[in-house]
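# Coordinates in review
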Amino acid sequence: MSFRTTRTARTPGTPGASGTDARTASTTGRKASRTDEGSRTTGSSGEPDTPGGTGSTATSRARAPRAGRRGEGAWGWLFVSPMVLILGLFLVLPILMALWVSLLRWDGQSNPFSAQADFVGLDNYRTLFTQDGLDRTLFATALRNNAYYVLLTVPLQTGLALLLALIVNQKLLRARGALRTAFFFPSVTSSIAVSTVFLFLFQGSGAVNTLLSWIGVKGPNWFADSRGVLSLALGGLGIVDPDRPTGALAEHSFMGLSWFEWLSGPSVAMCTIILLAVWTTSGTFMLIFLAALQDIPRELEESAALEGVNRFQMLRYVTLPALRPVLFLVLTLGLIATWQVFDQVYVMGQGAPGNTTLTPAFLSYSAGFDNADFGQGAAIAFVLLVLILCLTAFQRWALRERGTRAGRNR
């Protein structure tokens, strides 16, 4: 009888009130949690929120670095604007003016931007490439001479500069400072003065021929010999006759020059200018290589030495790969300088003998200031510019990194 009194009394008309209250509380809790989740996932404007703040706050934070970068860029352009104006005034503007002059037949006596200037379009370029005549023959001769000058000067000066840098970089070498100064001294000497000295050294009775006579060799008259050294070598072997060439090489021509003239090599007079250029420029490139050699990490050389590599293997597999960027710089500077050679040619021959020392740079000068044809002179200069850019791009492609690249992680 007592167990009936311990049961919970129910209020009439509300059966199971406690269970209903529990279900109502749980339903209300679930709605509140969903409401809280919605308030966290959406901002005040109903846009998705990012961790750490509302949508508008996140957007403003993302835009702030962009605005800062734009402000820094504007300040940067403001600070460099004086130099940009100077370069534009004294570099870009003259180039554009010269390009306009290359489209004219202009003698330099009138305003090239007035109606007095004779606009001829691309006729100056056609004269150099497609129209038979003396102008095209001279231009082809200048290209041939300069091509041999580049093919011989650039490798020789680069190889000599690297060799000198390797020598003066030895720690056990005595008087390294004196040797560096001696090797670099020709580079800081006036090119006009050095060219004048070479004129005396390579005369018919000069010091060079005197030294050759001591060993029984009769030296040529260097600055008066227009024969190509390659044709002389083939003539000495009895393969061709340099004075009267025959066959396909003499019958076929390109741009007014026979194939034999294209392939005869640089003249004896041009070889003296090549020796001068190699002697005066190798010191500058030696310093560039020396700075790069001293920047190579010692760990690479030490690890290679522990592997037991010899000097040649060290040079091939350690030193030269580390010097690749500097090698590209030296070759590019040498390529540009050799295609623009002028002062040595002006002092040592001005194209003589027989136009075998004629170069495009000197031909451009001669066309403008000697023949009063500044339009053709400007056209030659722009052809030379395009040629240098193309060769530099090819050189960059040839010296590019050829290692396999790792694939992108996905």
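What you see as residue numbers is a count from 1 along each chain, following the sequence as written. With the structure being a predicted model, the display of local features is reserved for residues of pLDDT at least 70 and the display and counting of side-chain atom pairs for 80 or more, all residues being used for whole-chain, interface and lining totals. The side-chain numbers reported here are obtained from all heavy atoms of the structure, hydrogens and water having been left aside.

## Remarks on the overall build of the chain
Only runs of H or I of at least four residues qualify as helices and only runs of E of at least two qualify as strands under DSSP, and these elements are numbered from the N terminus. Looking only at helices and strands, one finds 17 helices and four strands in the chain. Only heavy atoms enter the contact rule, under which two residues are in contact if any of them lie within 4.5 Å. Long-range contacts, defined as pairs at least 24 residues apart, comprise 67% of the intrachain contacts of the chain with a sequence gap of at least 6. We get accessible surface area from the Shrake-Rupley algorithm with a probe of 1.4 Å; when it comes to residues, only the shown protein chains can shield them. Total accessible area on the chain is roughly 26,400 Å²; 63% of this is exposed by carbon and sulfur atoms.

## Some thoughts on the environment of glycine 349
By the secondary structure assignment, glycine 349 is in the loop between helix H15 (343–348) and helix H16 (360–370). Think of it in three bands: residues with accessible area under 20% of the maximum for their type are buried, residues over 50% are exposed, and the middle band is partly exposed, with areas taken using a 1.4 Å probe on protein chains only. On the basis of relative accessible area, glycine 349 is assigned to the partly exposed category, the value being 26%. For the pair glycine 349 and methionine 270, spaced 79 residues apart in sequence, the C-alpha to C-alpha distance is 9.4 Å.

## Re the nonpolar core
If you look at the biggest cluster of nonpolar residues, it comprises 40 residues, and the most contacted ones within it are Phe139, Tyr149 and Trp339. Those elements that place two or more of their residues in this core are helix H3 (123–129), helix H4 (134–168), helix H6 (191–201), helix H11 (268–294), helix H14 (324–339), H15, H16 and helix H17 (374–398). Residues belong to a common nonpolar core when they are buried Ala, Val, Leu, Ile, Met, Phe, Trp, Tyr or Cys residues joined through side-chain atoms within 4.5 Å. Formed by 15 residues, the second largest nonpolar core is a distinct cluster that contains Val168, Leu290, Leu323 and Val330.

## Details of unusual backbone geometry
Phi is mostly negative for residues that are not glycine, and the peptide bonds are mostly trans. Look at the link from alanine 352 to proline 353: it is a cis peptide, with omega at 0°. One non-glycine residue, methionine 255, lies in positive phi territory at about 55°. Mapped onto the secondary structure, methionine 255 falls in the loop between strand S3 (253–254) and strand S4 (257–258). Notably, asparagine 355 is not glycine yet its phi reads approximately 60°, a positive angle.

## Focus on the packing of aromatic side chains
By convention, a stacked pair of Phe, Tyr or Trp rings (six-membered ring in the case of Trp) has centres within 6.5 Å and planes under 30 degrees apart, an edge-to-face pair has planes over 60 apart, and any other such pair is tilted. A full pass over the atoms with the stated rule returns 19 aromatic pairs. Ring plane angle 25° and centroid distance 5.5 Å describe the contact between phenylalanine 198 and phenylalanine 202, whose orientation is recorded as stacked. Each member of the pair, phenylalanine 198 together with phenylalanine 202, is buried.

## With respect to the environment of valine 268
The residue valine 268 is located in helix H11 in this model. Between the alpha carbons of valine 268 and alanine 224 there is a distance of 8.3 Å; along the sequence they are 44 residues apart. Not counting residues up to four positions away in its chain, the partners in contact with valine 268 are Pro220, Trp222, Asp225, Arg227, Val229 and Leu232.

## Regarding the side chain of serine 267
Examined against the element boundaries, serine 267 turns out to sit in the loop between helix H10 (259–262) and H11. For serine 267, a relative accessible area of 3% gives the class buried. Of the polar contacts made by the side chain of serine 267, one reaches the backbone nitrogen of methionine 270; its length is 3.1 Å. Identification of polar contacts relies on pairs of N or O atoms within 3.5 Å, with a donor-acceptor requirement for protein atoms, meaning one able to donate a hydrogen and the other able to accept it, and with residues adjacent in sequence counted only if both atoms are side-chain atoms. Here threonine 356 takes part through its side chain, which lies 3.2 Å from a polar atom of the side chain of serine 267. Once residues lying within four places of it in the same chain are set aside, the contact partners of serine 267 are Asp225, Ser226, Arg227, Gly228, Val229 and Thr356.

## Thoughts on the environment of leucine 152
Structurally, the position occupied by leucine 152 is in helix H4. Separated by 186 residues in the primary sequence, leucine 152 and threonine 338 place their C-alpha atoms 10.0 Å from one another. Excluding its chain neighbours within four sequence positions, the residues that come into contact with leucine 152 are Pro266 and Ile274.

## Re the packing of H16 against H17
Axis lines are fitted through C-alpha atoms, for helices just across the contact stretch, and the angle between N-to-C directions can take any value from 0 to 180 degrees. As a packed pair, H16 and H17 sit with axes 7 Å apart at the nearest point and diverge in direction by 165°. As far as their axial angle goes, H17 and H16 are roughly antiparallel. Considering the relative orientation of H16 and H17, their crossing is left-handed. Contacts between H16 and H17 pair Pro360, Ala361, Leu363, Ser364, Ala367, Gly368 and Phe369 from the former with Phe374, Gln376, Gly377, Ile380, Ala381 and Leu384 from the latter. Small angles under 35 degrees read as roughly parallel and large ones over 145 as roughly antiparallel, with 65 to 115 read as roughly perpendicular and the rest as oblique. Take the far helix as the reference: if the near one is turned anticlockwise from it by less than a right angle, the crossing is left-handed, and if turned clockwise, right-handed.

## Focus: the pattern of salt bridges
Any Lys or Arg side-chain nitrogen located within 4 Å of an Asp or Glu carboxyl oxygen qualifies as a salt bridge. Following the criterion strictly, the structure yields five salt bridges and no others. Ionic pairing is found between arginine 105 and aspartate 118, a salt bridge with its closest N-O pair at 3.5 Å. Taken together, the residues arginine 105 in strand S1 (residues 104–105) and aspartate 118 in strand S2 (residues 118–119) connect sequence positions 13 residues apart. When its relative accessible area of 47% is taken as the criterion, arginine 105 is described as partly exposed. Between arginine 244 and aspartate 241 there is a salt bridge, and its shortest N-O distance comes to 3.6 Å.

## Re the confidence of the model for the chain
One number per residue, pLDDT, summarises how confident the predictor is, and it ranges from 0 to 100. When pLDDT is averaged along the chain, the result is 82, and 81% of the positions lie at 70 or above. The weakest mean pLDDT in the chain belongs to helix H1 (residues 17–41) at 47; the strongest belongs to H4 at 95. Note on residues 1–27: pLDDT is under 50 here. Beyond four places in sequence and across chains, it has zero contacts. Note on residues 31–53: pLDDT is under 50 here. Beyond four places in sequence and across chains, it has 10 contacts.

## Some thoughts on the side chain of threonine 158
Relative to the elements of secondary structure, threonine 158 occurs in helix H4. Filtering out sequence-adjacent residues up to four positions away, threonine 158 remains in contact with Phe289, Leu327, Val330 and Leu331.

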